[in-house]
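Each chain is listed here by its residues.
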Protein chains: 2
Amino acid sequence: MADLVGNLLVAQSGGPTAVINASIAGVIQEAGRHEGIEEIYGGLNGIWGILQENLIDLNDEKAKAIEALKSTPAAALGTCRYKLDYKKKPEQAARDMDRLFEVFQAHNIRYFFYCGGNDSQDTAHKIHEQAQARGYDMRIMGVPKTIDNDLPHTDHAPGYGSAIKYAATTVMEIALDIGGMAVEGGACCIIEVMGRRAGWIAAGTALAHRSAADAPHIVLIPEIAFNEEKFLARVKETVSAHGSCIVVVGEGLKNASGSEMAADQSRLDSFGHPVLSGAAEHLEEIVTRKLGIKARSVKLGYAQRAAAHCASLTDVSEAAACGEAAVRNAVEGKSGFMVKIVRLQSDPYKWTTDLQPLGDIANLEHTLPRDWMSEDGFLPNEKFIEYARPLIQGDARVPSDGGLPKYVLLNRTPVEKKLPPRA
Amino acid sequence: MADLVGNLLVAQSGGPTAVINASIAGVIQEAGRHEGIEEIYGGLNGIWGILQENLIDLNDEKAKAIEALKSTPAAALGTCRYKLDYKKKPEQAARDMDRLFEVFQAHNIRYFFYCGGNDSQDTAHKIHEQAQARGYDMRIMGVPKTIDNDLPHTDHAPGYGSAIKYAATTVMEIALDIGGMAVEGGACCIIEVMGRRAGWIAAGTALAHRSAADAPHIVLIPEIAFNEEKFLARVKETVSAHGSCIVVVGEGLKNASGSEMAADQSRLDSFGHPVLSGAAEHLEEIVTRKLGIKARSVKLGYAQRAAAHCASLTDVSEAAACGEAAVRNAVEGKSGFMVKIVRLQSDPYKWTTDLQPLGDIANLEHTLPRDWMSEDGFLPNEKFIEYARPLIQGDARVPSDGGLPKYVLLNRTPVEKKLPPRA
């Protein structure tokens, strides 16, 4: 196949991770090795920014800044949650798609890389289909990322390993802290982690559980309906045995009727409206009231997807490799695929990248297999541990400046606009 | 002065920190250098355990384990919040004191080191006075620790530097995360940190604020009454200017009438009882409801005092030095003092240790000087920054094992009991 010559556009979408910028660095560094790729542009805030023709010139960034992206969390290009929603807003979606191709053509974009989760892969897929339908010669690749690890077909998603390395480290530290406190009647700490539909992050903290006494003692995931009675019995049992109990809960924990614990309608705020309190807060309350055990909660929130200071070196390497593979394959003529990570073996861990058609990704969710959890549903088992263990290996060193991590901000030299503003 | 020959007892008390074990390591390593000190014992769970004669033989621990204490968070000897409360429970306190001296005598304890915050220094002071009153020749020293930094007379307390290094790192990472998200109408994240009476930790996150655009944009401390109107105006202003607003709040934030925001009585839980929600949650609610700005909260909780993976090397060194100084001074004949850190200069930072009579510590609280905050009370100023900057310098490297920090647990070889059980 003859080389496709033109410009490259890369953008990020959805919730950031600690390593999403490593994928962008991979794209940029690999792009520099191919003559067919002329300009290297970044789209600010995903397709939302591309629709406004907000492009920046990544060739204008210093090579050191690009390398530093590998240890900088969050989305250096900005992200968005904007969708091409053909179902609910077909006219807007059609107009947006036209506009996207106007931008692509105006800037001779022939390589487009979109780094994100399920929704972003769906967007990339739609753009790929449209490129074909419009006969516009462009190579489109999806680059995976999500701390939630709910992308199908890839063994795991870049961003996940770092999220669980941080969360497991935090669980270990909190457990030591509480374990050293002599509290009559014991103590319980409930740590809420992200994961509205899948329990991957909560489960990942089980990497800190190396013996029965180790935290986490209980892991609650959205895939398994919460049973209050059994939960309280287990907390009581654990406190009796070990003096304290560390519970990790995925924010999307559901009761037997399938509604989220966090959406408890019985609490009212000072305006008299129902409060959407967190799952951890709810558990904290029942442990305190019903067992009389001192309970505290921790809510890691955004911290867990941005904690590059505790990133997994394996994760950083894989994220960068996914970006590189996207470019390499596109240059070789491939289009319409998401790069995926393929595990060759777990111990010692070996992996490679491969491609999956973008059409296979959309609307498929990858949840935690039931048989990777213990029979009682309270802890991941050895199958999960074997899966997750390799993903947190190695410490990604972040350069420091004045005692704090030294993260890079791009210069963001704007690419001159060539189109009238978006209608 | 003739050498006092006998055994040493060291114990920890109060809330743990990331470096309280470094002080214990300092005590043990220094003790090993003095012939007058025979056995080196640890009291489990502070005086509460000493009252039960729960002593362990620290000479029996491996030298490597003692060194590893310097990078292990939480209280390796266990802590307690047990007080000798002569005011409220004078008979119990008198009985406890008798029992303590029975234990000291039974084990020929001639050196006693108590590592903790205000209450623990008060306990050490009472024991010192009693030793003199009873004519029992013993050297008693307090070793400072508290993430809250509210100990008087010492420039700062070991534990504080690591807590703010971790909290400031987290603020920086969350700010990058949110800054990259394109949210129409902006976004606000409220990060709650510890500090019921003093705003030292909240203020410490300002080390991440190096330019107007940098987070934290607003720091709320218990020393300055919360003004909702001015707060909301500042959030709005910040979101307009920077697209997002990061607020750090000390858990003990108070309103104009002096009651804690967290103790808002207008919320009811599912049992119909008032909820003690967190300060962050309260702010999240008013930002959402009154400004219509998307708000999220993060509650670091116990994680912030245990995050040894992000500890300050300066803090670790100072904590160890405080333990060493306690032993060195006791061997030289001193008793009844707390070791304190004295700042010689800020830039370049130079410090040393000195002694303060234990009687000067009790019931004195060290709060943030009002003139270390901006006039509007929303951000620490350059005076605070100059003070805090040196305390987070250097990264304490934690050895890792399987991708997680390698923390040490002591063997805790019990010392044979010589007394009948406590009544």
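Keep in mind that this is a model prediction, so the values were computed, not measured. (Residues numbered from 1 in each chain as written. Chains lettered and ligands numbered in written order. Predicted model: local features only at pLDDT ≥ 70, side-chain atom pairs only at ≥ 80, totals over all residues. Heavy atoms only, no water.)

Moving on, we get to the relation of the copies chain B and chain A. Note on the identical chains: chain B maps onto chain A by a rotation of 180° and an axial translation of 0.0 Å, with an RMSD of 0.0 Å. The superposition of one copy onto the other is thereby described by a two-fold rotation axis. When each C-alpha of chain B is compared by its distance to the rotation axis, K299(B) comes out closest, at 2.4 Å. When you check the interface residues of chain B against chain A, 99% turn up at the interface there too, and the contact is symmetric in its surfaces. (Least-squares fit on C-alpha atoms with pLDDT ≥ 70 in both. Contact = heavy atoms within 4.5 Å.)

On to helix α9 (residues 279-291) of chain A. Residue and element names in this part refer to chain A. The terminal C-alpha atoms of α9 lie 18 Å apart, and with 13 residues this matches the ideal 18 Å at 1.5 Å per residue to within 8%. Restricting attention to buried positions, one finds in α9 the residues A279, A280, E281, H282, L283, E284, E285, I286 and V287. Directly after α9, the chain includes G292, whose backbone phi takes a positive value near 65°. (Helix = DSSP H or I, 4+ residues; strand = E, 2+ residues; numbered from the N terminus. Expected span 1.5 Å × (residues − 1). Buried < 20%, exposed > 50% of the residue type's maximum accessible area, 1.4 Å probe, protein only.)

A word on the interface of chain B and chain A. Tallying the contact residues gives 73 residues for chain B and 73 residues for chain A. Interface area, chain B with chain A, both sides summed: about 5,700 Å², of which 56% is carbon and sulfur. When residues of chain B are sorted by the area they lose upon contact with chain A, E173(B), Y302(B) and L404(B) head the list and together hold 13% of the total. Its salt-bridge partner being D401(B), residue R210(A) comes within 3.9 Å of it at the nearest N-O pair. For the interface between chain B and chain A, the tally reads 24 residue pairs in polar contact (both at pLDDT 80 or more). Counting residues per element, the ones that place at least two in the side of chain B that touches chain A are α6 (160-179), α9 (279-291), β9 (294-299), α10 (303-306), β12 (400-401) and β13 (404-405) of chain B. The biggest single contributor to the side of chain B that touches chain A is α6(B), with eleven residues. Among the residues forming the side of chain B that touches chain A, the class breakdown is 33 nonpolar, 20 polar and 20 charged. (Buried area = accessible area lost by both parts, 1.4 Å probe. Salt bridge = Lys/Arg side-chain N within 4 Å of Asp/Glu carboxyl O. Polar contact = N/O pair within 3.5 Å; in protein donor to acceptor, adjacent residues only side chain to side chain. Nonpolar A, V, L, I, M, F, W, Y, C, P; charged D, E, K, R; others polar.)

What follows concerns the pattern of salt bridges. Tallied over the entire structure, the rule returns 38 salt bridges over all chains. Between E67(B) and K70(B) there is a salt bridge, with its nearest N and O atoms 3.4 Å apart. The exposure class of E67(B) is partly exposed, given its relative accessible area of 40%. For K70(B), a relative accessible area of 19% translates into the label buried. In this structure, a network of salt bridges that share partners links the residues D150(A), R197(A) and E365(A).

With that settled, consider the sheet that holds strand β2 (residues 37-43) of chain B. All names here are of chain B. The mixed open sheet is built from seven strands, whose spatial order is β3-β2-β1-β4-β5-β10-β11. This sheet does not close on itself; its edge strands, each paired only once, are β3 (55-57) and β11 (349-357). Taking the axes of each pair of neighbouring strands and ignoring which way they run, one obtains an average angle of 30° across the sheet. With nine bridges connecting them, strand β10 (residues 337-346) and β11 associate as antiparallel partners. Opposite F337, over in β11, you have P357 as the bridge partner. (Pairing = 2+ DSSP bridges. Axes fitted to C-alpha atoms, helices over the stretch in contact; angles between N-to-C directions.)

Cis geometry marks the peptide bond from D347(A) to P348(A); its omega dihedral reads -5°. Mapped onto the elements, P348(A) comes out in the loop between β10 (337-346) and β11 (349-357). Note the cis peptide between A215(B) and P216(B), where omega equals -5°. Tracing the sequence through the fold places P216(B) in the loop between α7 (200-204) and β7 (218-220). The phi dihedral of R412(A) is positive, around 60°, even though this residue is not glycine. Within the element layout of this structure, R412(A) appears in the segment after β13 (404-405).

All names here are of chain A. Summarising burial for strand β5 (residues 139-144): six of the six residues are buried, a large majority. Because side chains alternate across β5, one face comprises the buried residues R139, M141 and V143, and the other comprises I140, G142 and P144, equally buried. In terms of strand pairing, strand β4 (residues 109-116) meets β5 through six bridges, oriented parallel. Residue pairing across strands places Y111 opposite R139, the latter belonging to β5. With helix α5 (residues 118-134) bridging β4 and the parallel β5, this β-α-β connection has right-handed handedness. In terms of strand pairing, β5 meets β10 through two bridges, oriented parallel. (Right-handed = clockwise from strand over helix to strand, strands pointing away.)

This part takes up the environment of M138(A). Residues and elements named next belong to chain A. Within the secondary structure, M138 sits in the loop between α5 and β5. Note on M138: relative accessible area 5%, which makes it buried. Residues M138 and E67, spaced 71 residues apart in sequence, show a C-alpha to C-alpha distance of 27 Å. When sequence neighbours within four positions are dropped, the list of residues in contact with M138 reads L4, F101, F104, I109, R110, Y111, F112, I127 and S335.

Right, let's get into the packing of helix α8 (residues 228-242) of chain A against α9(A). Residue and element names in this part refer to chain A. At their nearest, the axes of α8 and α9 sit 11 Å apart, and the two run at 70° to each other. Between α8 and α9, the angle is such that the two are roughly perpendicular. In this structure, α8 crosses over α9, and the sense of that crossing is right-handed. Together, E228, F231, L232, V235 and K236 of α8 and L283, I286, V287, K290 and L291 of α9 make up the contact between the two elements. Its residues assigned to classes, the contact of α8 with α9 shows seven nonpolar, no polar and three charged. (Parallel < 35°, antiparallel > 145°, perpendicular 65-115°, else oblique. Left-handed = near helix turned anticlockwise from the far one by under 90°.)

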